[in-house]
Amino acid sequence: MLHTIDFQQKGKQVIDVVQLSGAPGEREMCAKNSGVSSPADWKGKSLGVTDIGSGTDNLTLYLAARYHLTSKQFNRVSVGAGPTFVASLQHSRIACGMTTQPTVNAIEKQGIGTSVINLASTSGAQQWLGGAYPAAGVLARADWVASHRAIVQKVVDALVATMHWISTHSAADIANAMPAGFVSNGLTTKADYIAALAQDKGQFLPDGMMPANGPATALAIDKLAGNVTGSVSVASTYTNQYAIAANKLEGFTK
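So, how was this worked out
- Residues numbered from 1 in each chain as written.
- Predicted model: local features only at pLDDT ≥ 70, side-chain atom pairs only at ≥ 80, totals over all residues.
- Heavy atoms only, no water.
- Pairing = 2+ DSSP bridges.
- Helix = DSSP H or I, 4+ residues; strand = E, 2+ residues; numbered from the N terminus.
- Axes fitted to C-alpha atoms, helices over the stretch in contact; angles between N-to-C directions.
- Phe/Tyr/Trp six-rings, centres within 6.5 Å; stacked < 30°, edge-to-face > 60°.
- Buried < 20%, exposed > 50% of the residue type's maximum accessible area, 1.4 Å probe, protein only.
- Right-handed = clockwise from strand over helix to strand, strands pointing away.
- Parallel < 35°, antiparallel > 145°, perpendicular 65-115°, else oblique.
- Contact = heavy atoms within 4.5 Å.
- Nonpolar A, V, L, I, M, F, W, Y, C, P; charged D, E, K, R; others polar.
- Disulfide = S-S within 2.5 Å.
- Salt bridge = Lys/Arg side-chain N within 4 Å of Asp/Glu carboxyl O.

Asker: Would you mind showing me how to read the sheet that holds strand E5 (residues 96–99) here?
Answerer: What holds strands together in a sheet is hydrogen bonding between their backbones, with the strands either parallel or antiparallel. Here we have five strands laid out as an open sheet, ordered E4-E3-E5-E2-E6, and mixed in their pairing. Here the strands that pair on one side only, and so sit at the sheet edges, are strand E4 (75–78) and strand E6 (113–119). Recorded for the sheet is a direction-independent mean angle of 25 degrees between the axes of neighbouring strands. Pairing geometry for strand E2 (residues 26–31) and E6, over six bridges, is antiparallel. Paired with Ala31 across the two strands is Gly113, which belongs to E6.

Asker: What should I look at first to understand the packing of aromatic side chains in this one?
Answerer: Both the distance between ring centres and the angle between the ring planes are used here to describe each pair of aromatic rings. Overall, the coordinates contain three aromatic pairs when judged by the stated rule. Consider the rings of Tyr67 and Trp128, whose centres lie 6.3 Å apart with planes at 35 degrees: the pair is tilted. Pair noted here: Tyr67 is in the loop between helix H2 (55–66) and E4 and Trp128 is in helix H5 (residues 122–129), with a separation of 61 residues, a long-range link. What makes Tyr67 partly exposed here is its relative accessible area of 32%. Taking the relative accessible area as the measure of exposure, Trp128 reaches 9% and is therefore buried. Considering the side-chain rings of Phe182 and Tyr193, the 6.0 Å spacing of their centres and the 75 degrees angle between planes classify their relative orientation as edge-to-face.

Asker: What am I meant to see in the pairing of E4 here?
Answerer: A regular strand carries its side chains on alternate faces of the sheet. Pairing geometry for strand E3 (residues 46–49) and E4, over four bridges, is parallel. Looking across to E4, one finds that Val49 is bridged to Ser78. This β-α-β element, E3 to H2 to E4, shows right-handed connectivity.

Asker: I tried to follow the packing of H2 against helix H11 (residues 214–224) on my own but got confused; where do I start?
Answerer: Helix-helix packing is described using two parameters, namely the angle between the two axes and the distance between the axes. Running from N to C, H2 and H11 cross one another at 85 degrees; their axes reach a closest spacing of 8 Å. Considering their axes alone, H2 and H11 lie roughly perpendicular with respect to each other. Between H2, through Asn58, Leu59, Tyr62, Ala65 and Arg66, and H11, the contact on the second element is made entirely by Ala220, Ile221, Asp222 and Leu224. Of the residues that constitute the contact of H2 with H11, the class distribution is six nonpolar, one polar and two charged.

Asker: Just checking my understanding: could you explain the state of the cysteines for this structure?
Answerer: Disulfide: a covalent bond formed between the sulfur atoms of two cysteine residues. Inspection of the entire model under this criterion finds one disulfide. In this model, Cys30 is linked to Cys96 through a disulfide, with the two sulfur atoms separated by 2.2 Å. Handedness here is read from the sign of the S-S torsion; for Cys30 and Cys96, about 110 degrees, the answer is right-handed. Taken together, the residues span a long stretch of sequence, with Cys30 in strand E2 and Cys96 in strand E5 at a distance of 66 residues. The same class applies to Cys30 and to Cys96, which are both buried.

Asker: Any chance you could explain the pattern of salt bridges here in plain terms?
Answerer: A side chain of one charge can pair with a side chain of the opposite charge if their charged atoms are brought near each other. Taken as a whole and judged by the stated rule, the model has four salt bridges. Here Asp57 makes a salt bridge to Arg76, at a shortest N to O gap of 2.7 Å. Here the residue Asp57 occupies a position in helix H2, and Arg76 occupies one in strand E4, the gap between them amounting to 19 residues. By relative accessible area, Asp57 is classed as buried at 2%. Judged by its relative accessible area of 24%, Arg76 is partly exposed.

This is the structure we're talking about:
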């Protein structure tokens, strides 16, 4: 949802039509000798983000601000994900960094670092961010959505059905339904993928609905990250109408 707010600040109306997760799915991975146990310990250190201006960058800035650090008190480094992230942590280019599975599992398996901040569950988002965080969602231009409602509804119907399926199936079931190369590759084995997904599956929402406190959390993060310079109409950045209809189609009343 951060992106819809950012677009609005730039004069572009983009809307979130279905929400897939209530947490970022990220973890702050820190080298074992980093001495970091919370964002308060980031002062003077280099922190890895996917890219400057990315969602992980915004989250890093927000977490720092919650612990009374400004962006001038630490260094943000673009390290991507996967092997580039692992190498940056292994060779002390960064002390900590924000990333997702399967990079998290690769770091732990190699003994390079540990998870210090867990944003891969709604409870973790509540602890560290102050509320459920609407991360993964489907965005589209508001004018296109208004003129293609039937198409949007079909997309949301398919995604809500998928999210219900994910919520009622095991990590192994999900892995078996994925392309083989996605769950078993140079970064992860299938067994590790299943273990990591089982651990972090709680980030996904079963119904595609925006969490009640999600917009407020997203706005607070964007403000503290310095991305909000004018007024924001949060209500126009998302809609639940398509998810409500999709849930009724699935036999769930919302």
